[in-house]
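# Commentary on secondary and tertiary structure
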Amino acid sequence: MEELLKKMHSWMDDYMKQFVTDDEEVMQGIRIKMVHTGYVTEIARELARHLKFREHDVQLAEVMGLFHDVGRFRQYSLYKTFNDAQSEDHADLGLKVLTEEMPYMAELSPEDETLVRFAIRNHNKKEIEPTDDWRKLVFARLLRDADKLDIYRVLSPYLVPEGAQKAPNFVPSDASQLVSPDFVRDFAEGKQADYHRLRTHGDRKLVRLMWVYDINYSWTLRKMVERGYIDLIIKYLPEQEGLEEGIRRLRKYVKEKCAAEDRVEL
Ligand SMILES: [Fe+2]
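Cut-offs applied
- Residues numbered from 1 in each chain as written.
- Predicted model: local features only at pLDDT ≥ 70, side-chain atom pairs only at ≥ 80, totals over all residues.
- Heavy atoms only, no water.
- Domains from an automatic or database assignment.
- Buried area = accessible area lost by both parts, 1.4 Å probe.
- Salt bridge = Lys/Arg side-chain N within 4 Å of Asp/Glu carboxyl O.
- Polar contact = N/O pair within 3.5 Å; in protein donor to acceptor, adjacent residues only side chain to side chain.
- Helix = DSSP H or I, 4+ residues; strand = E, 2+ residues; numbered from the N terminus.
- Buried < 20%, exposed > 50% of the residue type's maximum accessible area, 1.4 Å probe, protein only.
- Phe/Tyr/Trp six-rings, centres within 6.5 Å; stacked < 30°, edge-to-face > 60°.
- Lys NZ or Arg CZ within 6 Å of the ring centre and 35° of its normal.
- Donors = N, O, S within 2.8 Å, 3.2 Å for Na, K, Ca; no water.
- Axes fitted to C-alpha atoms, helices over the stretch in contact; angles between N-to-C directions.
- Parallel < 35°, antiparallel > 145°, perpendicular 65-115°, else oblique.
- Left-handed = near helix turned anticlockwise from the far one by under 90°.
- Contact = heavy atoms within 4.5 Å.
- Nonpolar A, V, L, I, M, F, W, Y, C, P; charged D, E, K, R; others polar.

Going by what an unreviewed UniProt entry lists, the protein chain is known as HD domain-containing protein and is assigned to Selenomonas ruminis.

The next point concerns the domain arrangement of the protein chain. Here the domain parsing of the protein chain yields domain 1 (2-148) and domain 2 (172-259). Surface buried jointly by domain 1 and domain 2 totals about 1,200 Å² across both partners, of which 60% is contributed by carbon and sulfur atoms. Of all residues in domain 1, K126, D145 and K148 give up the largest surface area on contact with domain 2, accounting jointly for 49% of the area buried on that side. For R144, the salt bridge is made with D214, and the minimal N-O distance between the two is 3.3 Å. On inspection of domain 1 and its partner domain 2, the count reaches 7 residue pairs in polar contact (both at pLDDT 80 or more). Where the side of domain 1 that touches domain 2 is concerned, the elements lending two or more residues are α2 (24-50) and α7 (134-159). It is α7 that contributes the most residues to the side of domain 1 that touches domain 2, 6 residues altogether.

Now for the pattern of salt bridges. A full pass over the atoms with the stated rule returns 26 salt bridges. Between K96 and E88 there is a salt bridge, with the nearest N and O atoms lying 3.4 Å from each other. We note a salt bridge from D186 to R197, for which the minimum N-O separation is 3.1 Å. Pair noted here: D186 is in helix α8 (residues 181-188) and R197 is in the loop between α8 and α9 (201-210), with a separation of 11 residues, a long-range link. Residue D186 is classed as buried on the basis of its relative accessible area of 10%. What makes R197 partly exposed here is its relative accessible area of 28%.

This part takes up the packing of aromatic side chains. One pass over the structure, following the stated rule, counts 10 aromatic pairs. An angle of 65° between the planes, with centres 5.1 Å apart, marks the rings of Y15 and F19 as edge-to-face. Look at Y15 and you get buried, because its relative accessible area is 2%. F19 gets classed as buried once you look at its relative accessible area, which sits at 13%. Cluster of aromatic residues (ring-pair linked, three or more members): W11, Y15, F19, F67 and F73. Taking NZ or CZ as reference, K33 lies 4.9 Å from the ring centre of F82, over its face.

Taken together, the protein donors to the iron ion comprise D69 (OD), H90 (NE2) and H123 (NE2), at separations of 2.1 to 2.3 Å. Sequence positions of the donors to the iron ion reduce to the motif D-x20-H-x32-H. Taken together, the positions of D69 in the loop between α3 (55-67) and α4 (70-79) and H123 in the loop between α6 (110-121) and α7 put the pair 54 residues apart, joining distant regions of the chain. For the pair D69 and H123, a shared accessibility class is recorded, and that class is buried.

Look at α2 against α3: their axes get within 8 Å of each other, and the N-to-C directions meet at 155°. By the criterion of interaxial angle, the relationship of α2 to α3 is roughly antiparallel. Considering only the axes of α2 and α3, their crossing is right-handed. Across the interface between the two elements, T37, V40, T41, A44, R45, A48 and R49 from α2 touch E55, V58, Q59, A61, E62, G65 and L66 from α3. Residues that form the contact of α2 with α3 fall into these classes: 6 nonpolar, 4 polar and 4 charged.

Following this line, the structure appears as structure tokens:
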């Protein structure tokens, strides 16, 4: 497995390099995905170790992190967008890339290959598809957590509104920063918001905050708290009636979940 991992890493490095271009605008997007791939690979390993996986399973987590966004590169070169709704699902596309271009998948055992594919396919879906296979579920949850933790890193500079850094008591004034009333209500009730109803920047911010409810392992949530991502989003939510209640509920949830221990038997 050690050797196989090395081959997979060097294949992925070469694969990503094919997308390097002189077009600085395109390069910005590509670079973000290259760096994201590196971090998610590392986080997946770290989380697997924290969950006390045996070495082979830590390595499988690493493979999942490494390839989870392989579809992003073909997606961007074909469609010039990272928006799945405007192009195609990048996880499904990634599985196609692995089938067509990655020569080492067949060196995994059939069970391991199925596991890797399941986790990648489900890393970006609204929910993990139903399965009665415990290992599939455990790994899919791990990859989703690793991905989200790093997406918060990628997003955090954008969460601070322009001008907020200079003015400490910044209050967003334009309506696009406000959260739609139905989202405020769902948030207060701790209900999952419906993505299709996203209208404003405020809605988008709130949905990102509500990912917190979708984090599977306490370890991941503790990292999010330590890195200040949750406070950062809350800090720049608009002052709006009804949001307080949702924030209180969320903070209570975070506190309880962070205090819990991750116990996963594989
Ligand atoms: Fe992804």
